[in-house]
Protein chains: 2
Amino acid sequence: MARPRTSPRTVEHPSVEEVSLQQLLEALVDPVRRAVVSQLARARGEMSCGTFDVQVSRSTLTHHFNVLREAGVIRQYYVGTTKMNALRVDEMEERFPGLLSALVAAGRLEADA
Amino acid sequence: MARPRTSPRTVEHPSVEEVSLQQLLEALVDPVRRAVVSQLARARGEMSCGTFDVQVSRSTLTHHFNVLREAGVIRQYYVGTTKMNALRVDEMEERFPGLLSALVAAGRLEADA
DNA sequence: GCCATCGTACGACCCTCGTCGAAATAGCGG
DNA sequence: CCGCTATTTCGACGAGGGTCGTACGATGGC
């Protein structure tokens, strides 16, 4: 093979130390972005951008992914033309202990109710 | 007609069950409101409206208190002309376990850093 | 009664942010 | 080389919300 799938397109991620609580909350206050996080948490792995169940246009979704990435919530990387997304759960847990998990749990609580 | 008494000004509070996660996050995404919550948490009791250390006008502060109250975060009651504020910690803990405490802890983490 | 104090109501301003569509870019498969 | 698909960029628009000043209301002290 030796066909390097390595993407020329790279994505910039902040260190979790650089993200502020303000940034994190601004990212998670949007219902669409919380839906993304929720679906990622349920998937327990990565999902490509196109596989999310949200009611917004593609360009809007791109915007939401950018916000989540800049807030340190998700990690993204390209696989061919598709972009994969994964929660940075462990890192966020280290940065703001219990916060992301409590938020995901709260969202789940409401969804079940 | 039997008029309701005018002397004790009463304040309406939602039940924590009525509060949505969306409402809670919208309330806590504002830095001024988080400062209020933070100072209340540190005080471990009630504080009158005028004793908070925030950089906004009185009318703006009133608005922030309303948002926090409607989100179920604080309980308010009048004592003479002053209005007291207290965190509804136990109730919020029951509604969204771990969330408020993780947020307060996160804010403290950042403040110390 | 009168006034100082504390909080509220209202209206206005402004600016951020979520939203979209259309056009552009990047890799994949033939 | 040519589409095809997935995602991005850009500009524009509109709603919402944080802010303030000012006018008003309620309370307690004198």
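Reference entry: report on the structure contained in this document. (Residues numbered from 1 in each chain as written. Chains lettered and ligands numbered in written order. Predicted model: local features only at pLDDT ≥ 70, side-chain atom pairs only at ≥ 80, totals over all residues. Heavy atoms only, no water.)

Comments concerning the sheet that holds strand β1 (residues 47-48) of chain B
All names here are of chain B.
Consideration 1: Pairing in this open sheet of 3 strands is antiparallel, and the strands run β1-β3-β2 from one edge to the other. Among the strands making up the open sheet, the edge pair consists of β1 and β2 (74-79).
Consideration 2: Across 2 bridges, the pairing between β1 and strand β3 (residues 82-87) is antiparallel. Pairing of Ser48 across the sheet is with Met84, part of β3.
Consideration 3: Running over the sheet, helix α2 (residues 31-43) touches β1, β2 and β3 and is turned about 80° from β3.
Consideration 4: Set on the sheet, helix α3 (residues 58-70) makes contact with β2 and β3; between it and β2 the angle comes to about 125°. (Pairing = 2+ DSSP bridges. Helix = DSSP H or I, 4+ residues; strand = E, 2+ residues; numbered from the N terminus. Contact = heavy atoms within 4.5 Å. Axes fitted to C-alpha atoms, helices over the stretch in contact; angles between N-to-C directions.)

A few points about the relation of the copies chain A and chain B
Applying a rotation about an axis and a shift along it to one chain copy brings it onto the other copy.
Consideration 1: With an RMSD of 0.1 Å, chain A superimposes on chain B once it is rotated by 180° and translated 0.0 Å along the axis. Accordingly, the operation relating the two chain copies is best matched by a two-fold axis. Of the C-alpha atoms belonging to chain A, the one lying closest to the rotation axis is found on Leu99 of chain A, 3.2 Å away.
Consideration 2: Looking at the interface residues of chain A, 100% of them are also at the interface in chain B, so both copies use one shared face. (Least-squares fit on C-alpha atoms with pLDDT ≥ 70 in both.)

Notes on the sheet that holds strand β2 (residues 74-79) of chain A
In a beta sheet, neighbouring strands pair by backbone hydrogen bonds and run either parallel or antiparallel.
Residues and elements named next belong to chain A.
Consideration 1: Pairing is antiparallel in the open sheet, where 3 strands are placed in the order β1-β3-β2. The open sheet terminates on both sides in strands that have one partner only, identified here as β1 (47-48) and β2.
Consideration 2: Where β2 meets strand β3 (residues 82-87), 6 bridges bridge the pair, whose relative direction is antiparallel. Bridged to Ile74 within β3 is Leu87.
Consideration 3: Sitting on the sheet, helix α2 (residues 31-43) touches β1, β2 and β3, and the angle it makes with β3 is about 80°.
Consideration 4: Against the sheet, helix α3 (residues 58-70) makes contact with β2 and β3, and its axis sits at roughly 125° relative to β2, the strand it touches most.

Quick notes on unusual backbone geometry
Residues and elements named next belong to chain A.
Consideration 1: One non-glycine residue, Arg44, adopts positive backbone phi at about 55°.
Consideration 2: With respect to the helices, strands and loops of the structure, Arg44 is situated in the loop between α2 and β1.
Consideration 3: Of the residues examined, Arg44 reaches a relative accessible area of 74% and is grouped as exposed. (Buried < 20%, exposed > 50% of the residue type's maximum accessible area, 1.4 Å probe, protein only.)

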